[in-house]
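Descriptive structure summary
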Amino acid sequence: MPARRPYGLAAFAVITGALLILPGLIVFPMSLSDRRSFVFPPKEWSFRWYENFFSDPGWTETLMNSLQTAVVVAIVATVAGTVAVFGIVRHNFRGKSVVVGLLLAPMVTPIIILGVGEYALFLRWQLVGTGLGFTLAHIVHAIPYVVLTVSGVLMTMDRQLERAAASLGAPPHKVLRTITLPIIAPGIMAGFIFAFISSFDETVIALFLSDPNFRTMPVQMYASMTQEVDPTIAVGASLIMLLSTLLILLSALVFRRRYAKANR
Amino acid sequence: MPRPTADRSRGAAVRLRGIVKQYGAGAPAVNAVSLDIAAGEFISLLGPSGSGKTTTLNAIAGFIDIDAGEIELGGVAVASMRPHLRNIGMVFQHFTLFPHMTVAENVAYPLRQRKVPAKERARRVQAALEMVQLGEYGTRRPDQLSGGQQQRVAVARAVVFEPRVLLMDEPFGALDRKLREELQIQLKGLHRELGITIIFVTHDQEEALVLSDRIAVFNNGSIDQIGTPAELYDRPENRFVAQFLGESNIFEGTVRDVDGVRALVCPDGRFVLPAPAADPGTEIHAMVRPEKCRVAPVGPDGDGLTNALEGEVEEEIFLGSSRKLLVRTPTDRVVTVRSTAAADRGVSVGSKVVVTWDSADLLVVR
Ligand SMILES: Nc1ncnc2c1ncn2[C@@H]1O[C@H](COP(=O)(O)OP(=O)(O)OP(=O)(O)O)[C@@H](O)[C@H]1O
Ligand SMILES: [Mg+2]
């Protein structure tokens, strides 16, 4: 317990947080507006745009597309990223830094370049406008998040614990299952959540890969925004915000429980 | 009350033959270490930092592949056996309780690996925890325990599956002195009770002296001397052992016959050597322990004794039951004397004194 509360710091944090969050929060009241307009604040409240959202296949289908893609992406990226991290952290091999660079490259490459490249490639492979195309592109984009979070926990894990387990009679696969994985689980969980969100709200690559057959919700929102004044988009935005926030809170909770445990 | 006696048949003999471990280029971390450890023995590997103690222990546990040599546990060659098959308990210097398990789950872990049925498992976990006086702590998490308690749980976990050998790598190194001494006593009792072989790594000579049946002194990757604490203290084979175990005053000089008596002649004086000494003309080192030395004020006639060094008390250190005096000689070396308070009244800092000892207490060392 600090002797003096840092009020100045707290005020700074609150102001920064407000600046970051408030513009986004505007979508919630707007989604509850009565009018076909983006007037803020709305004069009358209603759920008509929510009704509209859930009765319009253009929205529900793209929402399902986004969710399905994000779930598959998160699962594949988490498994692939975690396996890669074990190779990188636990072994030394020639060209290791190249491998690390390649794994992290999608994070630092301007996303528009990724989009153009994948579009050109996927055109040839006939993957544009398919769920598979979206999933593959988003996996590439999501893996760096998993690599960063999982390598963070794996590098700081005390390897003596694994030796201890071996000395107690556990063969390597059991050490992995009963000691290593449970201990790094929060990192894997966080990687999963980041991977999910990175796919769920990804727009740039999605714009390239979309066609009338298959699009995700951010693309639907973009289209709706540029074509007409339709407050249904605020509903979509609210749903994305809600889901992302819930997931981030969940991961924060997981980490916090862990942290509290480690510092008790 | 009947006192549990050591049932040494429950321990396994450990034989090391010419163990070599080399990391990269340069001198090997462990070089031709051979060691015969009897079943049920408590042996300490004692030596300075980097002398190869942990490497030797890890080789026995199977955590590292050795480059040459043989390791036998209870007569079975294990050098190429995976660690989880060796059935050796181990306690590490750093706390290695599994953070995601309760204390009881930690202790149950080796029993689970051996598919011990739940009922018996619970009974043995409880018995092991009671043995280290933590019977009430089974439901706690490791981070709810103090360092000493964590290490006691680690000991319980390492012996609950009844291994015949227990390895300990500076298990009390991170604990404060008082706690360390307490745990040393408990460990001694435990060793007597279980009768298993314990190989204990430490760089604390007192700890080794308190605990061990025998001590192997490590120096630069090999063993300089193996023996009981008394043997090492009373008959160190070389200067390294003499200096590492206890305090010592070491003189370097030439052996000569002086007036028909074999003596060490060195810049500090002439000291009579005990009976089976070296041949005249050889260069040797000789050592006398501080507690074998006596001090007396210089007499008016300053008698030219052999086995005597004149000097001035430079420092006086109070040690409770005794005093340590640092005496600087005219040749500018400092001789350490440990004396019981009554024997040398009147001697204090600045006193001119004569340091003497019985010639039988001067040991020739390599
Ligand atoms: N994994 C490793 N890679 C390279 N060198 C190592 C490794 N482990 C140990 N060494 C070297 O081997 C030598 C012996 O190390 P070891 O850990 O056995 O010493 P120790 O006697 O246990 O010392 P301490 O009392 O400090 O624990 C040291 O010089 C050390 O630097
Ligand atoms: Mg060590």
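What you see is a predicted model, and the numbers here were worked out from it, not measured in a lab.

**Observations concerning the overall build of chain B**
Tallying secondary structure elements over chain B gives 8 helices and 20 strands in all. The principal-axis extent of the C-alpha atoms belonging to chain B is close to 85 × 45 × 45 Å. The proportion of buried residues among the 366 residues of chain B is 50%. The contacts in chain B between residues at least 6 apart in sequence include a share of 66% that link residues at least 24 apart. For chain B, the exposed area adds up to about 16,800 Å²; of that, 50% sits on carbon and sulfur atoms.

**Structural notes on the overall build of chain A**
Of regular secondary structure, chain A possesses 12 helices and 0 strands. Referenced to the eigenvectors of the C-alpha coordinate spread, the extents of chain A come out at roughly 70 × 60 × 30 Å. Burial status across chain A gives 42% buried among its 264 residues. Surface exposure of chain A reaches about 14,600 Å², of which carbon and sulfur atoms provide 69%. On chain A, the mean spot of the 20 positive side-chain charges and the mean spot of the 13 negative ones are 20 Å from each other.

**Here we look at the site of ligand 1**
Residue and element names in this part refer to chain B. Every residue near ligand 1 is listed here: Tyr23, Ala29, Pro48, Ser49, Gly50, Ser51, Gly52, Lys53, Thr54, Thr55, Glu170 and His203. Between ligand 1 and Ser49, the relevant distance is 2.5 Å, taken from an oxygen atom to a side-chain nitrogen or oxygen of the residue. Thr55 is positioned with one of its side-chain polar atoms (N or O) 2.5 Å from an oxygen atom of ligand 1. In isolation ligand 1 exposes 630 Å². Once the protein is present, 56% of that is buried.

**Some remarks on a nonpolar patch on the surface**
Where nonpolar side chains cluster on the molecular surface, the patch consists of Val71, Val72, Ile75, Val76, Val79 and Val83 of chain A and spans about 470 Å² of accessible area. Among the secondary structure elements, Val72 of chain A is positioned in helix H4 (residues 57-90).

**Digging into the sheet that holds strand E12 (residues 261-266) of chain B**
Residue and element names in this part refer to chain B. Read across the sheet, 5 strands follow the order E13-E12-E11-E14-E20 without closing on themselves; strand pairing throughout is antiparallel. Every other strand in the sheet has two partners, leaving strand E13 (269-272) and strand E20 (363-365) as the edge strands with one partner each. In this sheet, neighbouring strand axes are inclined to one another by 45° on average, regardless of whether the strands run parallel or antiparallel.

**A closer look at the environment of Pro144 of chain A**
Residue and element names in this part refer to chain A. Take Pro144: it is sitting in helix H7 (residues 131-156). By relative accessible area, Pro144 is classed as buried at 0%. Taking the C-alpha atoms as reference, Pro144 lies 14 Å from Val98; in sequence the two are 46 residues apart. Every residue in contact with Pro144, bar those within four places of it in the chain, is listed here: Leu103, Leu104, Pro106 and Met107.

**Side note on the side chain of Lys53 of chain B**
Looking at where Lys53 of chain B falls in the secondary structure, it is placed in helix H1 (residues 53-61). Buried within the structure, Lys53 of chain B lacks any salt-bridge partner; Glu170 of chain B is the closest side chain of opposite charge, at an N-O distance of 4.5 Å.

**Quick notes on the domain arrangement of chain B**
Residues and elements named next belong to chain B. Examined at the domain level, chain B breaks down into domain 1 (8-241) and domain 2 (247-365). Each of domain 1 and domain 2 has a C-alpha centre, and these two points are 40 Å apart. On the side of domain 2, 7 residues touch domain 1, which itself brings 8 residues to the contact. A per-residue breakdown of the area domain 1 buries against domain 2 is headed by Tyr233, Pro236 and Arg239, which together make up 78% of the total. Counting across the interface, domain 1 meets domain 2 through 0 salt bridges. Inspection of the domain 1/domain 2 interface yields 3 residue pairs in polar contact (both at pLDDT 80 or more). Each residue belonging to the side of domain 1 that touches domain 2 can be placed in one class, and the counts come to 3 nonpolar, 1 polar and 4 charged.

**Quick look at the packing of H4 of chain A against helix H11 (residues 217-227) of chain A**
Residue and element names in this part refer to chain A. Where H4 meets H11, the closest approach of the two axes is 8 Å, and the angle between their N-to-C directions is 145°. Contact residues: H4 offers Gly58, Trp59, Thr62, Leu63 and Ser66, while H11 offers Met217, Pro218, Gln220, Met221 and Ser224. In the contact of H4 with H11, the residues fall into 5 nonpolar, 5 polar and no charged.

**Structural notes on the interface of chain B and chain A**
Across the boundary between the two partners, chain B contributes 28 residues, which contact 22 residues of chain A. The three residues of chain B that bury the most area against chain A are His84, His100 and Tyr109 of chain B, which together make up 26% of that side's buried surface. Viewed at the interface, chain A and chain B are joined by 0 salt bridges. The interface formed by chain B and chain A holds 3 residue pairs in polar contact (both at pLDDT 80 or more) in total. Elements that contribute at least two residues to the side of chain B that touches chain A include exactly strand E6 (88-91), helix H2 (103-113) and helix H4 (147-159) of chain B. Ranked by residues supplied to the side of chain B that touches chain A, first place goes to H2 of chain B with 3 residues.

**Examining the pairing of strand E4 (residues 68-73) of chain B**
All names here are of chain B. Sheet topology places strand E1 (residues 14-21) next to E4; 5 bridges connect them, and they run antiparallel. Across the sheet, Val14 pairs through a bridge with Leu73, a residue of E4. Here 2 bridges tie E4 to strand E5 (residues 76-77), and the two strands are oriented antiparallel to one another. For Leu73, the partnering residue across the bridge sits in E5 and is Val76. Here E4 hands over to E5 after 2 residues, with Gly74 in that stretch at a positive phi of 55°.

**Description of the environment of Val107 of chain B**
Residue and element names in this part refer to chain B. Relative to the helices and strands, Val107 is located in helix H2. Residues Val107 and Phe161, spaced 54 residues apart in sequence, show a C-alpha to C-alpha distance of 9.1 Å. What Val107 contacts, discounting residues up to four positions off in sequence, is Val125, Ala128, Leu129, Val153, Ala156, Arg157 and Val160.

**Structural notes on the nonpolar core**
Core analysis: the biggest nonpolar cluster contains 113 residues, and Ile179 of chain A together with Phe98, Leu167, Leu187 and Ile199 of chain B have the highest contact counts within it. It is helix H9 (residues 172-200) of chain A that provides the largest number of residues to this core, a total of 10 residues. Among all residues touching Leu167 of chain B, those that are not within four sequence positions of it are Leu57, Ile60, Ala61, Ile88, Gly89, Met90, Val91 and Ile199 of chain B. In terms of nonpolar packing, the next biggest core, distinct from the first, is built from 23 residues, Leu273, Ala286, Val295 and Val313 of chain B among them.

Cut-offs used in this document
Residues numbered from 1 in each chain as written. Chains lettered and ligands numbered in written order. Predicted model: local features only at pLDDT ≥ 70, side-chain atom pairs only at ≥ 80, totals over all residues. Heavy atoms only, no water. Helix = DSSP H or I, 4+ residues; strand = E, 2+ residues; numbered from the N terminus. Buried < 20%, exposed > 50% of the residue type's maximum accessible area, 1.4 Å probe, protein only. Contact = heavy atoms within 4.5 Å. Areas by Shrake-Rupley, 256 points an atom, 1.4 Å probe, with all protein chains shown as cover. Lys, Arg positive; Asp, Glu negative; His and termini not counted. Charge placed at Lys NZ, Arg CZ, Asp CG, Glu CD. Near = heavy atom within 4 Å. Polar contact = N/O pair within 3.5 Å; in protein donor to acceptor, adjacent residues only side chain to side chain. Patch = residues over 30% accessible without salt bridge, like charges linked within 9 Å, V, L, I, M, F, W, Y side chains within 5 Å. Salt bridge = Lys/Arg side-chain N within 4 Å of Asp/Glu carboxyl O. Pairing = 2+ DSSP bridges. Axes fitted to C-alpha atoms, helices over the stretch in contact; angles between N-to-C directions. Domains from an automatic or database assignment. Buried area = accessible area lost by both parts, 1.4 Å probe. Nonpolar A, V, L, I, M, F, W, Y, C, P; charged D, E, K, R; others polar. Core = buried A, V, L, I, M, F, W, Y, C linked by side-chain atoms within 4.5 Å.

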